[in-house]
Amino acid sequence: MAAKALRELGRIRRAAAAAGIGRRDFSGDAAAAAAVADRKGGGGKEVNLFTAINQALHIALDTDPRSYVFGEDVGFGGVFRCTTGLADRFGRNRVFNTPLCEQGIAGFAVGLAAMIVNEAAKFRYRSGNEFNCGGLTIRSPYGAVGHGGHYHSQSPEAFFCHVPGLKVVIPRSPREAKGLLLASIRDPNPVVFFEPKWLYRLAVEKVPEEDYMLPLSQAEVIRNGSDITLIGWGAQLAVLEQACEDAAKDGISCELIDLRTLIPWDRETVEASVSKTGKLLVSHEAPITGGFGAEIAASITERCFQRLEAPVARVCGLDTPFPLVYETFYLPTKNKVLDAIKATVNY
Amino acid sequence: MAAPWLARASSQLARRAARRLLSSPAAAPSQHRLCPPGPWLLSSVPPPAGDRRGFCSVRRFTGESSAAAVAVADEEAPENGLVAGGGDQQAIDFPGGKVSFVAEMNFLPESQRERINCYRVLDDDGRTISGSIFQEVSKELAIKMYSEMVTLQVMDTIFFEAQRQGRISFYLTSHGEEAINIASAAALTIDDIVLPQMKNVQGDFHAALNFAAVMEAPVIFFCRNNGWAISTPTNEQFRSDGAVIRGQAYGMRSIRVDGNDALAVYSAVHTAREMAIKEGRPILVEALTYRVSHHSTSDDSTKYRPVDEIEHWRTVRDPVSRYRKWVQGNGWWCDADESELRNNVRQELLKAIQVAERMPKPPLSELFTDVYDEVPSNLREQERLLRDTIKKHPADYPADVHI
């Protein structure tokens, strides 16, 4: 009845809009994400990012009887299905829902009624290394997803990078997510682990089924080049990869680096690359002003001033709240990156 | 993971705290009293501001608890001058009112023996329960309320489907909770300020209750308890008797009401409003109901709760049909009215969607306005750069946003 009438309306509307331009091209980006991952090769089944996260959590609980998973809705598998099967396998004593009170969840993890910034991050420092919050990993979805609006698409990584004592880790693909998450869980420091919402279902690649870890604070050069260095993390890597492909068609050779751990970050790898290329571009979804790209730009300018042949370029989100209708306009899209690559190379 | 240090840290902390307390010289406690933010166990309670109105409720609560004494007080009560020496009426004047001394060591029980009652006017068949006290509702208002409830129901069906078709990004329905939305609003006037919030019981709720009680703010806290916070049922959310019990804890009147009974919701809010305004006090209303729908269009609730339970609330406890029976029983409504109303509402909504879909999206300039009162220079620059990019790559951007 109502639904049918509505579908009618929908057909009319879609026909009218067919000539227009669609939203952000997810499939293309996902393909690029897979391409970024594929280069590494390797075994395992093809799985998406939330499944890789799920595998890592199974392994973490299995290998350490003193590990726990708790949070909002984790008991039934989670809103993003990352905790599926954990409660059944490991029991409600180790995998459980908490009341919907973020300050309580964080406080429980610290063992005190307290929070991430003032308790978890400073516990070791303030106790002279008598206590620490190692073993605490706070998983959080982040970033654009095509329809999240003001609240469900934000990229708050820079906030957490400004809290000494915390590590901030962001994976770009399923295989990376599993290895980095296990490393984060077993790291002797508290880690904030941001999972790109956009990739939960869309990024698919072969993920080894066994237990493995990828090193924290080690950036990875995922594409070698000689003209310019590109740095990003998380879902933005897929966009940068596309820009690299297009730049190559114009004869520009880009070196692409996935920072993976934002803090403490791997300056040496970035510095070595910039020393070679003489040009640097940083790109992230978070607003440009005060974003982590600013830290990278300042730091590399200090260390490589003599070797830089152009100002460090930043292609980032706008200094506005994350918009709904204007999402495409807000995002650091492939062509924005490509334009900045050309401008920097031709500086 | 969390466990290795957690067990160690918490037990070490506890031992340290215990050591500190045990080894403190006699002078220490008074020193602690002088410094309110001292150890948690010894922190002093600040006197409440304003008058002592809230006190009687505290006494009543204490009285109830005495029945559930946990342990008998020690025969050799310490003679520190603070404990009553056998007499039963010795008391101390303490900020907030008189506090009686007793010899028994009574811990307040974690809950009252019976859960707080729930006010209702209509039974499941839409008949008024005999002896029920409720606010009179005129025929006109009764029909208006019913029409709005039906409108909400039809709206939910249409917009839920629209989201499934990808025409809107997100939607939350009110299925099973129509009486709460409409009847509570009907009891207010256009000059009242409503601050709706889709939120769960977090810290700010407690801060708000405490502030309102202390400031004697004329405010109604209307808390809809629908049993679920996405997949988290209330027994994993709190262990108190719902939200209503918090009222007393903060020194505020409160009432629990059947949220699926439109007349009860209307009457409770109407009366609460009178009290709030005339007496200058906050009131807490807890409406018991059930979230028949999924939490949102991003949720499938059958993954974590039985379908039977949803079905029971959707049919037997449906607030719209219950209220309709009462309206119809008064001779104010008939089946013909019903089908006409539903048909009209549906047509109206479909038309509204058509109009809305034809409306142009806001122009690009509005991406940058209202971030601050004035557009600062960084945003002006970013707008200029974005416009350059759009000019170079028009195919990257949706055609339906005016540049």
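Definitions and limits used
Residues numbered from 1 in each chain as written. Chains lettered and ligands numbered in written order. Predicted model: local features only at pLDDT ≥ 70, side-chain atom pairs only at ≥ 80, totals over all residues. Heavy atoms only, no water. UniProt positions renumbered as here; feature names shortened; annotations may be inferred. Helix = DSSP H or I, 4+ residues; strand = E, 2+ residues; numbered from the N terminus. Buried < 20%, exposed > 50% of the residue type's maximum accessible area, 1.4 Å probe, protein only. Contact = heavy atoms within 4.5 Å. Areas by Shrake-Rupley, 256 points an atom, 1.4 Å probe, with all protein chains shown as cover. Expected span 1.5 Å × (residues − 1). Patch = residues over 30% accessible without salt bridge, like charges linked within 9 Å, V, L, I, M, F, W, Y side chains within 5 Å. Salt bridge = Lys/Arg side-chain N within 4 Å of Asp/Glu carboxyl O. Polar contact = N/O pair within 3.5 Å; in protein donor to acceptor, adjacent residues only side chain to side chain. Core = buried A, V, L, I, M, F, W, Y, C linked by side-chain atoms within 4.5 Å. Domains from an automatic or database assignment. Axes fitted to C-alpha atoms, helices over the stretch in contact; angles between N-to-C directions. Parallel < 35°, antiparallel > 145°, perpendicular 65-115°, else oblique. Left-handed = near helix turned anticlockwise from the far one by under 90°. Pairing = 2+ DSSP bridges. Phe/Tyr/Trp six-rings, centres within 6.5 Å; stacked < 30°, edge-to-face > 60°. Lys NZ or Arg CZ within 6 Å of the ring centre and 35° of its normal.

Per an unreviewed UniProt entry, the recorded name for chain B is Dehydrogenase E1 component domain-containing protein, and the organism is Leersia perrieri.

As annotated in an unreviewed UniProt entry, chain A carries the name 3-methyl-2-oxobutanoate dehydrogenase (2-methylpropanoyl-transferring) and comes from Leersia perrieri. Regarding chain A, the UniProt comment filed under Cofactor (unreviewed entry) reads as follows: "thiamine diphosphate".

## Some points on the overall build of chain B
When helices and strands are counted, chain B shows twelve helices and seven strands. The buried share of chain B, taken over its 403 residues, is 34%. When contacts within chain B are restricted to residue pairs at least 6 apart in sequence, long-range pairs at least 24 apart make up 71% of them. Carbon together with sulfur atoms contributes 56% to the accessible area of chain B, which is approximately 24,100 Å² in total.

## Some points on the overall build of chain A
Secondary structure summary: chain A contains 15 helices and 13 strands in total. The burial tally for chain A puts 60% of its 347 residues in the buried class. Carbon and sulfur atoms form 55% of the exposed surface of chain A, whose accessible area is close to 13,900 Å².

## Thoughts on helix H11 (residues 335-358) of chain B
In this model, H11 of chain B (24 residues) spans 35 Å end to end at C-alpha, consistent with the 34 Å of a helix rising 1.5 Å per residue. Along H11 of chain B, the residues that are buried comprise Glu338, Leu341, Val345, Arg346, Leu349, Leu350 and Ile353 of chain B.

## Re the environment of Thr301 of chain A
Residues and elements named next belong to chain A. In this structure, Thr301 sits in helix H13 (residues 292-304). In this structure the C-alpha to C-alpha distance between Thr301 and Val274, which are 27 residues apart in sequence, comes to 9.9 Å. Those residues in contact with Thr301 that lie beyond four places of it in its chain are Leu308 and Val312.

## Points about a nonpolar patch on the surface
A cluster of nonpolar side chains, contributed by Phe211, Val214 and Met215 of chain B, occupies part of the molecular surface with about 340 Å² of accessible area. Position of Phe211 of chain B relative to the elements: it lies in helix H6 (residues 203-215).

## Here we look at unusual backbone geometry
With an omega of 0°, the peptide bond between Ile263 of chain A and Pro264 of chain A qualifies as cis. Within the secondary structure layout, Pro264 of chain A lies in the loop between strand S11 (261-263) and helix H12 (267-277). Not every positive phi belongs to a glycine, and Asn129 of chain A is a case in point at roughly 70°. Tracing the sequence through the fold places Asn129 of chain A in the loop between helix H7 (123-126) and strand S4 (137-142). Although it is not a glycine, Glu216 of chain B adopts a positive phi angle of roughly 50°. Mapped onto the elements, Glu216 of chain B comes out in the loop between H6 and strand S3 (220-225).

## What about the side chain of Thr83 of chain A?
Residues and elements named next belong to chain A. Along the chain, Thr83 turns up in the loop between strand S2 (69-71) and helix H4 (86-90). Among the residues examined, Thr83 registers a relative accessible area of 2% and is labelled buried. Within the structure, the side chain of Thr83 is placed 3.3 Å from the backbone nitrogen of Gly78, a separation counted as a polar contact. Ignoring sequence-local partners within four residues, the contact set of Thr83 consists of Asn54, Leu57, Val69, Asp73, Val74, Gly77, Gly78 and Arg139.

## Some remarks on the nonpolar core
Grouped together as the largest cluster of nonpolar side chains are 54 residues, with contacts concentrated most on Ile53, Val95, Leu230, Cys254, Leu281, Val337 and Ile341 of chain A. It is helix H3 (residues 49-63) of chain A that contributes the most residues to this core, nine residues altogether. Two domains each donate at least three residues to this core, and these are domain 1 (45-207) and domain 2 (217-345) of chain A. If you look at the next biggest cluster of nonpolar residues, it comprises 39 residues, including Val150, Ile180, Val269 and Ala272 of chain B.

## Here's the deal with the packing of H12 of chain A against H13 of chain A
Residue and element names in this part refer to chain A. Across the interface, H12 lies against H13 with an axial gap of 10 Å and an inter-helix angle of 60°. Our classification of the angle between H12 and H13 gives oblique. Judged by the twist between their axes, the crossing of H12 over H13 is right-handed. Contact residues: H12 offers Arg267, Glu268, Val270, Glu271, Val274 and Ser275, while H13 offers Ser299, Ile300, Arg303 and Cys304.

## What to know about the sheet that holds strand S5 (residues 167-169) of chain A
Residue and element names in this part refer to chain A. Sheet architecture is open: four strands sit in the order S4-S6-S5-S11, paired in mixed fashion. On the outer flanks of this sheet lie S4 and S11, each paired with one strand and no other. Strand-to-strand, the axes of this sheet are offset by a mean angle of 25°, without reference to chain direction. Examined bridge by bridge, S5 and S11 share two bridges and lie antiparallel to one another. Across the sheet, residue Val168 finds its bridge partner in S11, namely Ile263. Sheet strands in contact with helix H9 (residues 174-186) are S4, S5 and strand S6 (191-196), and its direction is about 165° off that of S6.

## Brief notes about the sheet that holds strand S8 (residues 220-223) of chain A
Residue and element names in this part refer to chain A. Spatially, the five strands line up as an open sheet ordered S8-S10-S9-S12-S13, and their pairing is mixed. Two strands bound the open sheet, and with one partner strand each, they are S8 and strand S13 (313-317). For this sheet, the mean inter-axis angle between neighbouring strands, taken without regard to orientation, is 25°. Most of the contacts of helix H15 (residues 334-345) go to strand S9 (residues 228-232), to which it runs at about 145°, and overall it touches S9, strand S10 (254-258), strand S12 (280-287) and S13.

## Examining helix H8 (residues 262-279) of chain B
Residues and elements named next belong to chain B. For H8, which comprises 18 residues, the first-to-last C-alpha distance of 25 Å matches the rise-based estimate of 26 Å (1.5 Å per residue) to within 8%. Of all the residues in H8, the buried ones are Ala262, Leu263, Ala264, Val265, Tyr266, Ser267, Ala268, Val269, Ala272, Arg273 and Ala276. Tucked inside the fold, the buried residues of H8 contact helix H4 (139-164), helix H5 (178-186), S3, strand S6 (253-258), strand S7 (283-288) and helix H10 (319-329). N-cap assignment for H8: the residue whose side-chain oxygen lies 3.0 Å from the backbone N of Leu263 is Asp261.

## So, the packing of aromatic side chains
As enumerated under the stated definition, the model contains 16 aromatic pairs over all chains in all. Ring centres of Phe329 of chain A and Tyr397 of chain B lie 5.0 Å apart, and the angle between their planes is 20°; this geometry places the pair in the stacked category. In this pair, Phe329 of chain A sits in helix H14 (residues 327-330) while Tyr397 of chain B sits in the segment after helix H12 (377-392), so the two residues belong to two different chains. Counting every residue linked through ring pairs, the aromatic cluster contains Tyr146, Tyr323, Trp326, Trp332 and Trp333 of chain B. Its end group placed over the ring of Trp313 of chain B, Arg317 of chain B keeps NZ or CZ at 5.2 Å from the ring centre.

## As for the pattern of salt bridges
One pass over the full model with this rule turns up 43 salt bridges over all chains. Taking the shortest distance from any N to any O, the salt bridge between Lys45 of chain A and Glu209 of chain A comes out at 3.8 Å. Taken together, the residues span a long stretch of sequence, with Lys45 of chain A in strand S1 (residues 45-48) and Glu209 of chain A in the loop between strand S7 (204-207) and S8 at a distance of 164 residues. We classify Lys45 of chain A as exposed; its relative accessible area is 55%. One salt bridge in this structure joins Arg167 of chain B and Glu357 of chain B, with 2.9 Å as the shortest N-O distance. One end of the pair, Arg167 of chain B, is in the loop between H4 and H5; the other, Glu357 of chain B, is in helix H11, and 190 residues separate them in sequence. Judged by its relative accessible area of 10%, Arg167 of chain B is buried. Here the salt bridges do not stand alone but share partners, grouping Arg172, Glu176, Glu220, Asp258 and Arg260 of chain A into one network.

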